[in-house]
Amino acid sequence: MNSLKKIYQILLKELGHQGWWPVTPLGNCRSCGDSLPIYGLKAKTEKQKLEIIFGAILTQNTQWKPNVENSIIRLNEKNLIDVDKIIEISDKELGELIRSSGYYNQKTKALKAMALFLKENPINKLVKMDLVELRKLILSVHGVGPETADCILLYALDKPIFVIDAYTKRIMHKLGFKEESYDDLKELFEDNLDKDVSLYKEYHALLVELGKRKEFDYSTLLKVCN
DNA sequence: CGCCAGGGCCTCA
DNA sequence: TGAGGCCATGGC
(Lines give C-alpha, C1' and ligand atoms only; values in the text may rest on other atoms or scores of the structure.)
Protein backbone atom coordinates (compact mmCIF):
# COMPACT_ATOMS: atom_id res chain seq x y z
CA MET A 1 0.00 0.00 0.00
CA ASN A 2 1.40 3.43 -0.95
CA SER A 3 1.73 6.49 1.30
CA LEU A 4 -1.45 8.17 0.08
CA LYS A 5 -3.53 5.09 0.87
CA LYS A 6 -1.90 4.72 4.27
CA ILE A 7 -2.57 8.37 5.12
CA TYR A 8 -6.23 7.79 4.28
CA GLN A 9 -6.46 4.75 6.55
CA ILE A 10 -4.91 6.65 9.43
CA LEU A 11 -7.13 9.70 9.01
CA LEU A 12 -10.29 7.62 8.73
CA LYS A 13 -9.40 5.78 11.92
CA GLU A 14 -8.35 8.90 13.85
CA LEU A 15 -11.01 11.36 12.67
CA GLY A 16 -13.90 9.10 11.75
CA HIS A 17 -16.21 9.16 8.73
CA GLN A 18 -17.02 12.72 7.64
CA GLY A 19 -19.87 12.05 5.21
CA TRP A 20 -19.42 14.98 2.86
CA TRP A 21 -21.18 16.83 1.20
CA PRO A 22 -23.95 18.02 3.59
CA VAL A 23 -27.34 18.14 1.85
CA THR A 24 -30.84 19.08 2.92
CA PRO A 25 -32.98 15.97 3.41
CA LEU A 26 -35.97 15.27 1.18
CA GLY A 27 -39.59 15.96 2.16
CA ASN A 28 -39.30 19.28 3.96
CA CYS A 29 -41.86 19.10 6.69
CA ARG A 30 -43.12 22.60 7.44
CA SER A 31 -44.21 21.85 10.98
CA CYS A 32 -40.88 20.49 12.18
CA GLY A 33 -38.78 23.61 11.80
CA ASP A 34 -36.07 24.63 9.39
CA SER A 35 -34.38 21.72 7.70
CA LEU A 36 -30.66 22.08 7.64
CA PRO A 37 -28.09 20.35 5.43
CA ILE A 38 -26.98 17.06 6.99
CA TYR A 39 -23.75 15.09 6.61
CA GLY A 40 -23.81 11.45 5.57
CA LEU A 41 -26.71 11.69 3.15
CA LYS A 42 -26.57 10.78 -0.50
CA ALA A 43 -27.65 13.53 -2.87
CA LYS A 44 -30.36 11.72 -4.80
CA THR A 45 -32.43 14.37 -6.53
CA GLU A 46 -31.40 16.98 -9.04
CA LYS A 47 -32.41 19.65 -6.53
CA GLN A 48 -30.00 18.24 -3.96
CA LYS A 49 -27.22 18.20 -6.55
CA LEU A 50 -28.04 21.81 -7.39
CA GLU A 51 -27.86 22.68 -3.69
CA ILE A 52 -24.34 21.22 -3.63
CA ILE A 53 -23.35 23.28 -6.67
CA PHE A 54 -24.61 26.49 -5.07
CA GLY A 55 -23.00 25.50 -1.77
CA ALA A 56 -19.65 24.97 -3.49
CA ILE A 57 -19.75 28.59 -4.65
CA LEU A 58 -20.97 29.96 -1.33
CA THR A 59 -18.28 28.24 0.72
CA GLN A 60 -15.37 29.79 -1.20
CA ASN A 61 -12.89 31.02 1.41
CA THR A 62 -15.67 30.88 4.01
CA GLN A 63 -16.58 28.58 6.87
CA TRP A 64 -19.48 26.24 6.19
CA LYS A 65 -20.82 26.59 9.71
CA PRO A 66 -22.64 28.80 10.32
CA ASN A 67 -22.09 31.16 7.40
CA VAL A 68 -22.88 29.00 4.39
CA GLU A 69 -25.22 26.64 6.20
CA ASN A 70 -27.36 29.62 7.06
CA SER A 71 -27.50 30.78 3.45
CA ILE A 72 -28.52 27.33 2.24
CA ILE A 73 -31.31 27.19 4.81
CA ARG A 74 -32.61 30.59 3.72
CA LEU A 75 -32.48 29.67 0.05
CA ASN A 76 -34.43 26.50 0.79
CA GLU A 77 -37.01 28.40 2.83
CA LYS A 78 -37.81 30.44 -0.26
CA ASN A 79 -37.57 27.45 -2.59
CA LEU A 80 -34.69 29.09 -4.43
CA ILE A 81 -32.69 25.93 -5.03
CA ASP A 82 -33.97 26.25 -8.54
CA VAL A 83 -32.19 27.39 -11.70
CA ASP A 84 -35.05 29.50 -13.05
CA LYS A 85 -35.73 31.22 -9.75
CA ILE A 86 -32.09 32.15 -9.26
CA ILE A 87 -32.10 33.64 -12.74
CA GLU A 88 -35.27 35.63 -11.99
CA ILE A 89 -34.49 36.96 -8.52
CA SER A 90 -32.92 40.42 -8.22
CA ASP A 91 -29.24 40.75 -7.36
CA LYS A 92 -30.16 42.78 -4.32
CA GLU A 93 -32.57 40.20 -2.91
CA LEU A 94 -30.25 37.27 -3.59
CA GLY A 95 -27.34 39.15 -2.06
CA GLU A 96 -29.32 39.72 1.11
CA LEU A 97 -30.22 36.03 1.37
CA ILE A 98 -26.61 34.88 1.08
CA ARG A 99 -25.14 37.76 3.05
CA SER A 100 -23.88 35.53 5.86
CA SER A 101 -21.58 33.71 3.42
CA GLY A 102 -19.48 36.82 2.86
CA TYR A 103 -18.32 38.28 -0.48
CA TYR A 104 -22.02 38.39 -1.24
CA ASN A 105 -21.77 40.68 -4.25
CA GLN A 106 -19.28 38.42 -5.99
CA LYS A 107 -21.12 35.28 -4.97
CA THR A 108 -24.42 36.69 -6.23
CA LYS A 109 -22.85 37.14 -9.66
CA ALA A 110 -21.36 33.67 -9.51
CA LEU A 111 -24.68 32.05 -8.57
CA LYS A 112 -26.39 33.91 -11.40
CA ALA A 113 -23.71 32.88 -13.87
CA MET A 114 -23.99 29.28 -12.72
CA ALA A 115 -27.79 29.32 -13.02
CA LEU A 116 -27.59 30.68 -16.56
CA PHE A 117 -25.00 28.04 -17.39
CA LEU A 118 -27.17 25.24 -15.99
CA LYS A 119 -30.17 26.57 -17.93
CA GLU A 120 -28.24 25.87 -21.13
CA ASN A 121 -26.48 22.79 -19.78
CA PRO A 122 -28.80 20.86 -17.43
CA ILE A 123 -27.23 18.53 -14.88
CA ASN A 124 -28.63 15.39 -16.53
CA LYS A 125 -26.88 16.47 -19.72
CA LEU A 126 -23.60 17.40 -18.04
CA VAL A 127 -23.15 14.00 -16.39
CA LYS A 128 -23.05 12.33 -19.79
CA MET A 129 -20.22 14.48 -21.13
CA ASP A 130 -16.56 13.58 -21.50
CA LEU A 131 -14.94 14.35 -18.17
CA VAL A 132 -12.03 16.42 -19.50
CA GLU A 133 -14.34 18.60 -21.60
CA LEU A 134 -16.84 18.86 -18.77
CA ARG A 135 -14.21 20.19 -16.36
CA LYS A 136 -13.14 22.86 -18.87
CA LEU A 137 -16.75 23.83 -19.42
CA ILE A 138 -17.51 24.25 -15.72
CA LEU A 139 -14.28 26.18 -15.24
CA SER A 140 -15.47 28.65 -17.86
CA VAL A 141 -18.31 29.81 -15.60
CA HIS A 142 -17.51 33.17 -13.99
CA GLY A 143 -16.73 32.76 -10.32
CA VAL A 144 -15.81 29.09 -10.60
CA GLY A 145 -12.13 28.25 -10.19
CA PRO A 146 -10.34 24.88 -9.90
CA GLU A 147 -11.46 23.94 -6.41
CA THR A 148 -15.09 24.92 -6.90
CA ALA A 149 -15.24 23.14 -10.25
CA ASP A 150 -13.77 19.99 -8.76
CA CYS A 151 -16.13 20.09 -5.78
CA ILE A 152 -19.02 20.27 -8.23
CA LEU A 153 -17.63 17.41 -10.31
CA LEU A 154 -16.97 15.16 -7.32
CA TYR A 155 -19.80 15.91 -4.91
CA ALA A 156 -22.64 16.95 -7.19
CA LEU A 157 -21.90 15.00 -10.38
CA ASP A 158 -20.18 11.98 -8.77
CA LYS A 159 -17.12 12.17 -11.02
CA PRO A 160 -13.74 10.71 -9.92
CA ILE A 161 -11.99 14.06 -9.48
CA PHE A 162 -9.81 14.76 -6.44
CA VAL A 163 -10.37 18.16 -4.82
CA ILE A 164 -7.37 20.19 -3.67
CA ASP A 165 -7.77 23.04 -1.22
CA ALA A 166 -5.58 25.27 0.95
CA TYR A 167 -5.57 22.71 3.79
CA THR A 168 -4.50 19.91 1.46
CA LYS A 169 -1.58 21.98 0.15
CA ARG A 170 -0.36 22.80 3.67
CA ILE A 171 -0.73 19.25 4.91
CA MET A 172 1.03 17.64 1.96
CA HIS A 173 3.95 20.04 2.19
CA LYS A 174 4.16 19.36 5.91
CA LEU A 175 4.34 15.65 5.08
CA GLY A 176 7.22 16.26 2.67
CA PHE A 177 5.53 16.11 -0.71
CA LYS A 178 7.05 18.52 -3.22
CA GLU A 179 4.12 19.10 -5.58
CA GLU A 180 3.29 22.80 -5.65
CA SER A 181 0.62 23.56 -8.23
CA TYR A 182 -3.03 22.67 -7.93
CA ASP A 183 -2.87 20.31 -10.90
CA ASP A 184 0.28 18.54 -9.73
CA LEU A 185 -1.26 17.85 -6.31
CA LYS A 186 -4.49 16.71 -7.93
CA GLU A 187 -2.56 14.26 -10.13
CA LEU A 188 -0.60 13.00 -7.13
CA PHE A 189 -3.79 11.78 -5.49
CA GLU A 190 -5.49 10.57 -8.65
CA ASP A 191 -2.40 8.62 -9.74
CA ASN A 192 -1.95 6.90 -6.39
CA LEU A 193 -5.54 6.06 -5.48
CA ASP A 194 -8.17 3.82 -7.04
CA LYS A 195 -10.68 5.75 -9.15
CA ASP A 196 -13.23 5.54 -6.37
CA VAL A 197 -15.69 8.42 -6.03
CA SER A 198 -16.64 7.56 -2.45
CA LEU A 199 -12.97 7.37 -1.49
CA TYR A 200 -12.24 10.76 -3.09
CA LYS A 201 -15.18 12.36 -1.31
CA GLU A 202 -14.22 11.04 2.09
CA TYR A 203 -10.48 11.68 1.65
CA HIS A 204 -10.90 15.36 0.85
CA ALA A 205 -13.28 15.80 3.79
CA LEU A 206 -10.77 14.12 6.10
CA LEU A 207 -7.98 16.43 4.93
CA VAL A 208 -10.14 19.47 5.67
CA GLU A 209 -10.97 18.14 9.12
CA LEU A 210 -7.29 17.43 9.76
CA GLY A 211 -6.39 20.94 8.63
CA LYS A 212 -8.74 22.40 11.20
CA ARG A 213 -7.19 20.48 14.09
CA LYS A 214 -4.17 22.45 15.20
CA GLU A 215 -3.35 20.01 18.00
CA PHE A 216 -3.22 16.90 15.80
CA ASP A 217 -0.10 14.75 16.26
CA TYR A 218 1.49 14.25 12.83
CA SER A 219 4.13 11.70 13.91
CA THR A 220 2.21 8.64 12.66
CA LEU A 221 1.50 10.34 9.34
CA LEU A 222 5.12 11.43 8.90
CA LYS A 223 6.25 7.84 9.51
CA VAL A 224 4.30 6.39 6.59
CA CYS A 225 5.62 9.10 4.27
CA ASN A 226 9.26 8.07 4.56
C1' DC B 1 -9.06 43.87 18.97
C1' DG B 2 -6.94 40.95 15.06
C1' DC B 3 -7.06 36.70 12.65
C1' DC B 4 -8.91 33.33 9.58
C1' DA B 5 -12.40 30.44 7.12
C1' DG B 6 -13.85 24.05 2.54
C1' DG B 7 -11.22 30.83 -3.39
C1' DG B 8 -11.40 33.49 -7.50
C1' DC B 9 -10.91 37.61 -10.36
C1' DC B 10 -8.25 41.41 -12.01
C1' DT B 11 -4.03 43.82 -12.78
C1' DC B 12 0.59 44.23 -13.67
C1' DA B 13 5.08 42.72 -14.46
C1' DT C 1 2.60 32.17 -14.70
C1' DG C 2 2.98 34.31 -10.52
C1' DA C 3 2.61 37.66 -6.94
C1' DG C 4 -0.43 41.10 -4.77
C1' DG C 5 -4.85 43.57 -3.87
C1' DC C 6 -9.54 43.02 -3.38
C1' DC C 7 -13.86 41.04 -1.92
C1' DA C 8 -17.08 40.51 3.46
C1' DT C 9 -19.27 37.92 7.10
C1' DG C 10 -19.15 35.64 11.71
C1' DG C 11 -16.67 33.04 15.49
C1' DC C 12 -13.05 33.07 18.50
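Residues numbered from 1 in each chain as written. Chains lettered and ligands numbered in written order. Predicted model: local features only at pLDDT ≥ 70, side-chain atom pairs only at ≥ 80, totals over all residues. Heavy atoms only, no water.

S.K.: Looking at this structure, I do not really get the overall build of chain A. What am I missing?
M.R.: Helix and strand counts for chain A come out as 13 helices and zero strands. Reading the secondary structure of chain A in the N-to-C direction produces α-α-α-α-α-α-α-α-α-α-α-α-α. Here the C-alpha radius of gyration of chain A, 18 Å, is about what a compact globule of 226 residues would show, namely 17 Å. With respect to the principal axes defined by its C-alpha atoms, chain A has extents near 55 × 40 × 30 Å. Buried positions account for 49% of the 226 residues belonging to chain A. Partitioning the contacts of chain A with sequence separation of at least 6, the portion at a separation of at least 24 is 63%. Carbon and sulfur atoms make up 49% of the accessible area of chain A, which totals about 11700 Å². Measuring between centres, the 34 positive side-chain charges of chain A sit 2 Å from its 32 negative side-chain charges. (Helix = DSSP H or I, 4+ residues; strand = E, 2+ residues; numbered from the N terminus. Rg over C-alpha atoms; globule rule 2.2 N^0.38 Å. Buried < 20%, exposed > 50% of the residue type's maximum accessible area, 1.4 Å probe, protein only. Contact = heavy atoms within 4.5 Å. Areas by Shrake-Rupley, 256 points an atom, 1.4 Å probe, with all protein chains shown as cover. Lys, Arg positive; Asp, Glu negative; His and termini not counted. Charge placed at Lys NZ, Arg CZ, Asp CG, Glu CD.)

S.K.: Would you mind showing me how to read the pattern of salt bridges here?
M.R.: When their charged atoms lie close together, side chains carrying opposite charge are able to pair. Taken as a whole, this structure holds nine salt bridges when the rule is applied. Note that lysine 5 and aspartate 194 form a salt bridge whose closest N and O atoms lie 3.6 Å from each other. You can see lysine 5 sitting in helix 1 (residues 3-15) and its partner aspartate 194 sitting in the loop between helix 11 (182-192) and helix 12 (197-212), a full 189 residues away along the chain. Take lysine 5: its relative accessible area is 26%, and that puts it in the partly exposed class. Note that lysine 49 is salt-bridged to aspartate 158, the shortest N-O span being 3.6 Å. (Salt bridge = Lys/Arg side-chain N within 4 Å of Asp/Glu carboxyl O.)

S.K.: In this structure, what is going on with the protein's contact with DNA strand C? I would like to understand it.
M.R.: The full set of residues close to DNA strand C is Asn61, Pro66, Asn67, Arg99, Ser100, Gly102, Tyr103, Tyr104, Asn105 and Gln106. Of everything in DNA strand C that lies within 4 Å of the protein, sugar and phosphate atoms constitute 58%. Between a phosphate oxygen of DNA strand C and a main-chain N or O atom of asparagine 105, the distance comes to 2.9 Å. Listed by contribution, the elements that provide at least two residues to the surface near DNA strand C are helix 3 (64-77) and helix 6 (104-120). Looking at the surface near DNA strand C, the element that brings in the most residues is helix 6, giving three residues. For the surface near DNA strand C, a count of residues per class yields three nonpolar, six polar and one charged. (Near = heavy atom within 4 Å. Polar contact = N/O pair within 3.5 Å; in protein donor to acceptor, adjacent residues only side chain to side chain. Nonpolar A, V, L, I, M, F, W, Y, C, P; charged D, E, K, R; others polar.)

S.K.: I tried to follow the protein's contact with DNA strand B on my own but got confused; where do I start?
M.R.: As a matter of local geometry, DNA strand B sits amid 24 residues, with Trp21, Gly145, Thr148, Tyr167 and Lys212 nearest to it. Counting only the atoms of DNA strand B within 4 Å of the protein, the fraction contributed by sugar and phosphate is 66%. One of the side-chain N or O atoms of tyrosine 39 is found 3.0 Å from a base oxygen in DNA strand B. For DNA strand B, a phosphate oxygen lies 3.5 Å from a polar atom in the backbone of proline 146. Elements supplying a minimum of two residues to the surface near DNA strand B: helix 9 (146-156), helix 10 (166-174) and helix 12. Among the residues forming the surface near DNA strand B, the class breakdown is 10 nonpolar, 10 polar and four charged.

S.K.: I would appreciate a short explanation of a nonpolar patch on the surface in the present structure.
M.R.: A contiguous nonpolar surface patch, about 220 Å² in accessible area, is contributed by Leu36, Ile38 and Leu41. Relative to the elements of secondary structure, leucine 36 occurs in the loop between helix 1 and helix 2 (46-58). Note on leucine 36: relative accessible area 37%, which makes it partly exposed. (Patch = residues over 30% accessible without salt bridge, like charges linked within 9 Å, V, L, I, M, F, W, Y side chains within 5 Å.)

S.K.: Which parts of the structure should I look at to understand the packing of helix 2 against helix 6?
M.R.: Helices that pack against each other are described as a pair by the angle of their axes relative to one another and the distance between those axes. Following both chains from N to C, one finds helix 2 and helix 6 inclined at 150 degrees, their axes separated by 10 Å at the closest point. With respect to helix 6, the axis of helix 2 lies roughly antiparallel. Both helix 2 and helix 6 take part in a crossing whose hand is right-handed. Here Leu50, Ile53, Phe54, Ile57 and Leu58 of helix 2 come into contact with helix 6, specifically with Lys107, Ala110, Leu111, Met114 and Leu118. Broken down by class, the residue content of the contact of helix 2 with helix 6 amounts to nine nonpolar, no polar and one charged. (Axes fitted to C-alpha atoms, helices over the stretch in contact; angles between N-to-C directions. Parallel < 35°, antiparallel > 145°, perpendicular 65-115°, else oblique. Left-handed = near helix turned anticlockwise from the far one by under 90°.)

Nothing here speaks to function; it is all geometry.
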